[in-house]
Amino acid sequence: MKISCIAIDDEPLALDLLCKFIQQTTFLELEGKFSNAIEALGYINQYEVNLIFMDIQMPDLSGMELARILDGKKNSVQTRVILYRLSSICLRRIQGRSSGLPAQTLQL
Amino acid sequence: MGELELPIQFWWKQIYLVGLLISIFYLNAWGIVPKFLLKGKNYSYLLVILLGAVLFYGLIVYFEQFIHYGQKMHELFNPEKPYLANKRWVPGDVFQMLLYVISIGLSTSVALVEKWQKDEALRGELERQRINTELSYLKAQINPHFFFNTLNNIYSLTTLDVSKAQEALLKLSRMMRYVLYENQKDTTLLSKEVKFIEDYLELMKMRLSQKVHLLVKLEEPKEDLVIAPMLFLPFLENCFKHGVSSQQESEISISLEVMGDTVFFETKNSIFPIQPDSPEAHENGIGLVNTQRRLNLLYPEKHRLKLGKDENSEQYEVHLTINLA
């Protein structure tokens, strides 16, 4: 079974690169890509998503905030989040939450 | 009476008087004025001048007696009357004191004018230095975040599209050369500045989503026009700082035209609230206020800057005209 996932990044080129890597990974199924977290939130509300790759630093709604929103929702499907950041200025790691939303920060 | 044979004493007296007046002139201009008047000791100065007058009169009387000037002149003009040693010729003394006053007056004026000119030159020099210091402080800087973002984009491009990555690297290196070397100078060629703006916009385009419509019209300028480096950059940075939204469509237009020696620069952008958490919001290279100050120092009376929100189109507009002649 493939893991359904989406990618969110405000930098177009970074998003393209992320999508390319996801498509190369056989067990991942890229369902959609978004340049801002608000559009992505609309998609997540409608469809089931297993995994979200996203940038921490984004305008309007940051990756961290989106993760927090998803954390508060009692979704039927367990959604996991991978946050990353392109610079090493602040590399944070958020770990297992009570509602079962383990998130991990990566540095690309 | 016919021709009068003037006694030799008369000429000695004249030479002595001229010598005395010259000494008084320079003594006053170089010694007494700087020592008393320029230090604010006005009353002491007056006192010294009065003492000088007494001394001057004394020296003349003493010299006249020494060469028997009065007696000889008296014998020449009034040979029939007897000579009285104690009686002096009053109009002559008044005339000599007048000469003293004129000499002091002239030399004081000369000394003061010289001092004023020196002060003026010093003030001008100080002003120039102050402006230079301020200009180097105001020197435009590119937002360092631009470089980080561009490098990240190039990192992505190396996997996605190698030839584009190469192109972007070339542009970035050209920009860095400009920032590092041309920005150190006071002036640069306008054509180089335009090339710099082109590179900046090209690299900026890579970061923009499809929601942003960027209209650029840059005119290739004549070869010989010179301009202060990175004058336009703060306006460009401002456009992208305020004019880009992640959700709404937006439009940014940038144009640069050259007519003779005059440059017309114009930007228009939509206005969105700035993201308080975006790194570019905080470290602004150089603010608009600083740019205005820089323009005032570099091109006083030679530029016109109009900026503000257009009421009809809800856009922020900048119109900058500089005469580079």
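Given the structure is predicted, the values throughout are model-derived calculations rather than measurements. (Residues numbered from 1 in each chain as written. Chains lettered and ligands numbered in written order. Predicted model: local features only at pLDDT ≥ 70, side-chain atom pairs only at ≥ 80, totals over all residues. Heavy atoms only, no water.)

**Observations concerning the overall build of chain A**
Part 1 of the reasoning: Helix and strand content of chain A: three helices and five strands.
Part 2 of the reasoning: Of the regular secondary structure in chain A, the N- to C-terminal order runs β-α-β-α-β-α-β-β.
Part 3 of the reasoning: For chain A, the proportion of its 108 residues judged to be buried stands at 48%.
Part 4 of the reasoning: The contacts of chain A with a sequence gap of at least 6 include a subset with a gap of at least 24, amounting to 62%.
Part 5 of the reasoning: Summed over all atoms, the accessible surface of chain A reaches about 5,500 Å², with 51% contributed by carbon and sulfur. (Helix = DSSP H or I, 4+ residues; strand = E, 2+ residues; numbered from the N terminus. Buried < 20%, exposed > 50% of the residue type's maximum accessible area, 1.4 Å probe, protein only. Contact = heavy atoms within 4.5 Å. Areas by Shrake-Rupley, 256 points an atom, 1.4 Å probe, with all protein chains shown as cover.)

**A short note on helix H8 (residues 233-242) of chain B**
Part 1 of the reasoning: Of all the 10 residues making up H8(B), eight are buried; the element is thus mostly covered by neighbouring parts of the structure.
Part 2 of the reasoning: Taken residue by residue, H8(B) has Leu233(B), Pro234(B), Phe235(B), Leu236(B), Glu237(B), Asn238(B), Cys239(B) and Phe240(B) as its buried positions.

**Focus: the environment of Leu135(B)**
Residue and element names in this part refer to chain B.
Part 1 of the reasoning: The residue Leu135 is located in helix H4 (residues 90-138) in this model.
Part 2 of the reasoning: With relative accessibility at 16%, the residue Leu135 sits in the buried group.
Part 3 of the reasoning: Put simply, Leu135 and Leu297 are 162 residues apart on the chain and 7.6 Å apart in space, counted from C-alpha to C-alpha.
Part 4 of the reasoning: Leu135 has contacts with Arg294, Leu297 and Leu298, leaving out every residue within four places of it along the chain.

**Brief notes about the interface of chain B and chain A**
For interface size, the figure often reported is the accessible area lost on association.
Part 1 of the reasoning: With 19 residues of chain B in contact, the opposing surface of chain A contributes 18 residues.
Part 2 of the reasoning: Overall, the association of chain B and chain A removes approximately 1,700 Å² of surface from exposure, summing both partners, and the carbon and sulfur fraction of that is 53%.
Part 3 of the reasoning: The tally of links from chain B across to chain A stands at two salt bridges.
Part 4 of the reasoning: Measuring nitrogen to oxygen at the nearest pair gives 3.5 Å for the salt bridge that ties Glu11(A) to Arg207(B).
Part 5 of the reasoning: Linking chain B with chain A are four residue pairs in polar contact (both at pLDDT 80 or more). (Buried area = accessible area lost by both parts, 1.4 Å probe. Salt bridge = Lys/Arg side-chain N within 4 Å of Asp/Glu carboxyl O. Polar contact = N/O pair within 3.5 Å; in protein donor to acceptor, adjacent residues only side chain to side chain.)

**Considerations on helix H1 (residues 12-24) of chain A**
Because an α-helix completes one turn every 3.6 residues, residues spaced three or four positions apart along the sequence face the same direction.
Part 1 of the reasoning: For H1(A), built from 13 residues, the straight-helix expectation of 18 Å at 1.5 Å per residue is met to within 8% by its first-to-last C-alpha distance of 19 Å.
Part 2 of the reasoning: When we look at burial in H1(A), the residues that qualify are Leu13(A), Ala14(A), Leu15(A), Leu17(A), Leu18(A), Cys19(A) and Ile22(A).
Part 3 of the reasoning: Looking at the buried side of H1(A), the elements it contacts are strand S1 (3-8), strand S2 (28-34), strand S3 (51-55) and strand S4 (80-85) of chain A together with helix H5 (144-160) of chain B. (Expected span 1.5 Å × (residues − 1).)

**Some details on the pattern of salt bridges**
All names here are of chain B.
Part 1 of the reasoning: Within this structure, the stated rule accounts for 20 salt bridges over all chains.
Part 2 of the reasoning: Between Arg128 and Glu125 there is a salt bridge, with its nearest N and O atoms 3.1 Å apart. Of this pair, Arg128 and Glu125 both sit in helix H4, three residues apart, which is roughly one turn of the helix.
Part 3 of the reasoning: A relative accessible area of 36% places Glu125 in the partly exposed class.
Part 4 of the reasoning: What emerges from the salt-bridge pattern is a single network uniting Glu127, Arg130, Glu134 and Arg293.

**Some remarks on the environment of Leu160(B)**
Part 1 of the reasoning: In this fold, Leu160(B) is placed in helix H5.
Part 2 of the reasoning: Residues contacting Leu160(B), with those up to four places away along its chain left out, are Leu13(A), Asp16(A), Leu17(A) and Lys20(A).

**Digging into the nonpolar core**
Part 1 of the reasoning: Counting 50 residues, the largest nonpolar core has Ile142(B), Leu190(B), Tyr200(B), Phe232(B) and Leu256(B) as its most contacted members.
Part 2 of the reasoning: Element by element, the count of residues in this core is highest for helix H7 (residues 190-205) of chain B, at eight residues.
Part 3 of the reasoning: Residue contacts for Leu190(B): discarding those within four places in its chain leaves Pro221(B), Leu225(B), Val226(B), Ile227(B), Phe232(B), Val258(B), Val263(B) and Leu324(B).
Part 4 of the reasoning: One finds Ile6(A), Leu41(A), Val49(A) and Met64(A) within the second-largest nonpolar core, a separate group that totals 20 residues. (Core = buried A, V, L, I, M, F, W, Y, C linked by side-chain atoms within 4.5 Å.)

**Considerations on the pairing of strand S4 (residues 250-259) of chain B**
Residues and elements named next belong to chain B.
Part 1 of the reasoning: Sheet analysis places strand S2 (residues 212-218) next to S4, joined by seven bridges and oriented parallel. Across the sheet, residue Val212 finds its bridge partner in S4, namely Ser250.
Part 2 of the reasoning: In the sheet, S4 pairs with strand S5 (residues 262-270) via eight bridges, with the strands oriented antiparallel. Across the sheet, Ser255 pairs through a bridge with Glu266, a residue of S5.
Part 3 of the reasoning: In this antiparallel pair of consecutive strands, S4 and S5, the connection spans two residues, and Gly260 shows a positive phi of 65°. (Pairing = 2+ DSSP bridges.)

**Some points on the sheet that holds strand S7 (residues 315-323) of chain B**
Residues and elements named next belong to chain B.
Part 1 of the reasoning: The mixed open sheet is built from five strands, whose spatial order is S2-S4-S5-S7-S6. The open sheet terminates on both sides in strands that have one partner only, identified here as S2 and strand S6 (303-310). Along the sheet, successive strands turn relative to each other by an average axial angle of 5°, direction set aside.
Part 2 of the reasoning: Its contacts with the sheet place H7 against S2, S4 and S5, and it is angled at close to 165° to S2.
Part 3 of the reasoning: Across the sheet, H8 is in contact with S2, S4, S5, S6 and S7; its angle to S5 comes to roughly 10°. (Axes fitted to C-alpha atoms, helices over the stretch in contact; angles between N-to-C directions.)

**Quick look at a negative patch on the surface**
Part 1 of the reasoning: Taken together, Glu219(B), Glu220(B), Glu223(B), Asp224(B) and Asp261(B) make up a surface patch of like negative charges.
Part 2 of the reasoning: Within the element layout of this structure, Asp261(B) appears in the loop between S4 and S5. (Patch = residues over 30% accessible without salt bridge, like charges linked within 9 Å, V, L, I, M, F, W, Y side chains within 5 Å. Lys, Arg positive; Asp, Glu negative; His and termini not counted. Charge placed at Lys NZ, Arg CZ, Asp CG, Glu CD.)

**Section: the confidence of the model for chain A**
Part 1 of the reasoning: Summing up the model confidence of chain A, the mean pLDDT is 77 and the portion of residues at 70 or higher is 75%.
Part 2 of the reasoning: Within the model, pLDDT remains below 50 along residues 88-103 of chain A, and this stretch shows 26 contacts once partners closer than five positions in the same chain are excluded. (pLDDT = per-residue confidence, 0-100.)

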